[in-house]
Amino acid sequence: MKFVFLVLVLVLLNYNNKAWSQLQQEAQVPCFFIFGDSLVDNGNNNRLLTLARANYRPYGLDFPQGATGRFTNGRTYVDALAQLLGFRTYIPAYARTRGPALLRGVNYASGAAGIRDETGNNLGDHTSMNQQVSNFKDTVEAMKRYNRGDISTYVAKCIYYSGLGSNDYLNNYFMPDFYSTSSDFTVTAFAAALLKDYTHQLTQLYNLGARKVIVSGVGQIGCIPYELARYRGNSSLCNEKINQAIVLFNSGLKKLVDNFNGGQLPGSKFVYLDSYQSTSDLSLNGSAYGFEVIDKGCCGVGRNNGQITCLPLQQPCRDRQKYLFWDAFHPTEMANLLLAQASFSSQTQSYTYPINIQQLANL
């Protein structure tokens, strides 16, 4: 996959915003619905009382609309994916979308959100996955007023993305001073508990009409600047204790996708997005992908720019295309573009399983 990513770097460096918007003349699906956390939040937290907000500079420095609430310098993974799917404009945040615009899809993602309701409470208000699913239920009801045909037929054609779990580890299980889960559960039992809850949530989406669903695994969060700034290991720069916990969850999530596709949810197709493998590849082979700095944020404070996230009006690094991470937790726009392109048209099952996203859209 190293050669594939190198080719993608060369291609993406020659693609400006206009070129990306012209990748598809027409949308391959009628709508795109997004569930997740700060990796894909595009402004739902802006008016919440929370530390998990990004509606200030330098966030959005390279985004046409500026600081919208995206936790990166430019486009998120789902922004890039929406462009690859042929949408002419980005999928809007649920917090500011009502009326007929709902028919194109909305983004429910919320910074600090997790599969468990209490996850992220240490940072303040947020919209948990359970609430995001409830918001989708309200959306489906509202869409019935604007869609002339059968709403179940319409929503079955849409693409759905769900990416949760990172905060259930970062802002829950591995934060024992605030949460009791690490004493209530073993690592194995916690992964099982998360998967049980997530199974119920994804099944609810299916019952509301979702049929083409992308489910993202958790990335290699033991190697993000936030962890690198805190961890002092003897044999690894990364916090492998966290990475090993993530691997347990991800392996269970992939099996869950197999179960869904194997008849548990008839008529649906789920795609597992191996974010752990793809982010690991970007980190291990950074120079081949155009990155010169893979262990610290372009913006932030302290060791690895990972002890405190970007402060308002802070001056970030100049050449953001050479950084894998934008801040203590989140990838740069360039990393997001690479990950989106790789998962959209991957010809192997290294990053998407059992098919790629383009194939899912065409079903």
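Just above, that's the structure.
Residues numbered from 1 in each chain as written. Predicted model: local features only at pLDDT ≥ 70, side-chain atom pairs only at ≥ 80, totals over all residues. Heavy atoms only, no water.

**Student:** Got a minute to help me understand helix H4 (residues 129-143) in this structure?
**Tutor:** The α-helix winds at 3.6 residues per turn, so residues separated by three or four positions along the chain end up facing the same way. The terminal C-alpha atoms of H4, which comprises 15 residues, lie 21 Å apart, in line with the 21 Å expected from a rise of 1.5 Å per residue. Every buried residue of H4 is listed here: Met 129, Gln 132, Val 133, Asn 135, Phe 136, Thr 139, Val 140, Ala 142 and Met 143. Residues of H4 that are buried in the fold lie against strand S1 (32-36), helix H5 (151-155), strand S2 (159-163) and helix H8 (187-207). (Helix = DSSP H or I, 4+ residues; strand = E, 2+ residues; numbered from the N terminus. Expected span 1.5 Å × (residues − 1). Buried < 20%, exposed > 50% of the residue type's maximum accessible area, 1.4 Å probe, protein only. Contact = heavy atoms within 4.5 Å.)

**Student:** Looking at this structure, I do not really get the state of the cysteines. What am I missing?
**Tutor:** By definition, a disulfide is the covalent link that joins the sulfur atoms of two cysteine residues. The final tally for this structure, using the stated rule, is 4 disulfides. Paired by a disulfide, Cys 31 and Cys 158 hold their sulfur atoms 1.7 Å apart. One end of the pair, Cys 31, is in the loop between helix H2 (17-21) and S1; the other, Cys 158, is in the loop between H5 and S2, and 127 residues separate them in sequence. Residue classification places Cys 31 among the buried residues on the basis of a relative accessible area of 0%. In this structure Cys 158 comes out as buried when scored by relative accessible area, which is 0%. Across the disulfide, Cys 223 is cross-linked to Cys 238 (sulfur-sulfur distance 2.1 Å). (Disulfide = S-S within 2.5 Å.)

**Student:** What am I meant to see in the environment of Tyr 146 here?
**Tutor:** Mapped onto the elements of the fold, Tyr 146 is located in the loop between H4 and H5. It is 5.8 Å that separates the C-alpha atoms of Tyr 146 and Pro 100, two residues lying 46 residues apart in sequence.

**Student:** Mind showing me how you'd approach the packing of aromatic side chains here?
**Tutor:** Enumeration over the complete set of coordinates arrives at 24 aromatic pairs. Both rings, one in Phe 33 and one in Tyr 108, keep their centres 6.4 Å apart while their planes meet at 15°; by these two values the pair is stacked. One end of the pair, Phe 33, is in strand S1; the other, Tyr 108, is in the loop between helix H3 (77-84) and H4, with 75 residues separating them in the sequence. For the pair Phe 33 and Tyr 108, a shared accessibility class is recorded, and that class is buried. Between Phe 178 and Tyr 179, the aromatic rings sit 4.9 Å apart at their centres with planes inclined by 55°, giving tilted as the arrangement. Looking at Tyr 179, the relative accessible area reads 7%, which means it is buried. Counting every residue linked through ring pairs, the aromatic cluster contains Phe 33, Phe 35, Tyr 94, Tyr 108, Phe 136 and Tyr 160. Lying across the ring of Tyr 94, Arg 98 places its NZ or CZ 4.4 Å from the centre. (Phe/Tyr/Trp six-rings, centres within 6.5 Å; stacked < 30°, edge-to-face > 60°. Lys NZ or Arg CZ within 6 Å of the ring centre and 35° of its normal.)

**Student:** Just checking my understanding: could you explain the sheet that holds S2 for this structure?
**Tutor:** The pairing of strands in a sheet comes from backbone hydrogen bonds and takes either a parallel or an antiparallel form. Reading across from one edge, S1-S2-S3-S4-S7 is the order of the 5 strands in this open sheet, with mixed pairing throughout. Edge positions in the sheet fall to S1 and strand S7 (352-353), since each has one partner strand and no second. Where strand S4 (residues 269-273) meets S7, 2 bridges bridge the pair, whose relative direction is antiparallel. Paired with Leu 273 across the bridge in S7 is Thr 352. (Pairing = 2+ DSSP bridges.)

**Student:** Could you clarify how one ought to interpret the pattern of salt bridges in this entry?
**Tutor:** Pairing between side chains of opposite charge can happen when the charged atoms of each approach one another. In this structure the tally under the stated criterion is 7 salt bridges. Glu 292 is the partner of Lys 322 in a salt bridge, and the nearest nitrogen-oxygen pair spans 3.5 Å. In this pair, Lys 322 is assigned in the loop between strand S5 (293-297) and strand S6 (323-325) and Glu 292 in the loop between helix H11 (275-284) and S5, connecting sequence segments 30 residues apart. Judged by relative accessible area, Lys 322 falls into the partly exposed class, the value being 31%. A salt bridge links Lys 322 to Asp 319; its shortest N-O distance comes to 3.3 Å. Salt bridges sharing partners connect three or more residues here, namely Glu 292, Asp 319 and Lys 322. (Salt bridge = Lys/Arg side-chain N within 4 Å of Asp/Glu carboxyl O.)

**Student:** Is there a simple way to think about empty space enclosed by the protein in this case?
**Tutor:** The method is simple in principle: a probe with the dimensions of a water molecule rolls over the atoms, and the space it marks as empty is what remains. Under the definition given, this model contains 1 cavity of 30 Å³ or more. Its boundaries defined by the atoms lining it, the largest cavity holds a volume of some 40 Å³. Here the residues of the lining of the largest cavity are counted per class, giving 3 nonpolar, 5 polar and no charged. (1 Å grid on protein atoms, 1.4 Å probe; cavity = no way out; pocket = protein on both sides within 12 Å on 5 of 7 lines; lining within 4 Å. Points joined across faces, edges and corners; volume = space filled by probe spheres on them. Nonpolar A, V, L, I, M, F, W, Y, C, P; charged D, E, K, R; others polar.)

**Student:** Even after reading the chapter, I still don't get the pairing of S1, so can you show me in this structure?
**Tutor:** The buried fraction of S1 amounts to 5 of the 5 residues, a majority that puts the element mostly inside the structure. Across the two faces of S1 the burial is the same, with Phe 32, Ile 34 and Gly 36 and Phe 33 and Phe 35 all buried. The pairing of S1 with S2 spans 5 bridges and is classified as parallel. Paired with Gly 36 across the bridge in S2 is Gly 163.

**Student:** Explanation requested: the environment of Phe 63 in the structure shown.
**Tutor:** Along the chain, the position of Phe 63 falls in the loop between S1 and H3. Residue classification places Phe 63 among the buried positions, given a relative accessible area of 5%. Phe 63 sits 37 residues away from Glu 26 along the chain, and the two C-alpha atoms are 23 Å apart. Each residue touching Phe 63, except ones within four places of it in the same chain, is listed here: Thr 68, Arg 70, Asn 73, Gly 74, Arg 75, Asp 79 and Tyr 90.

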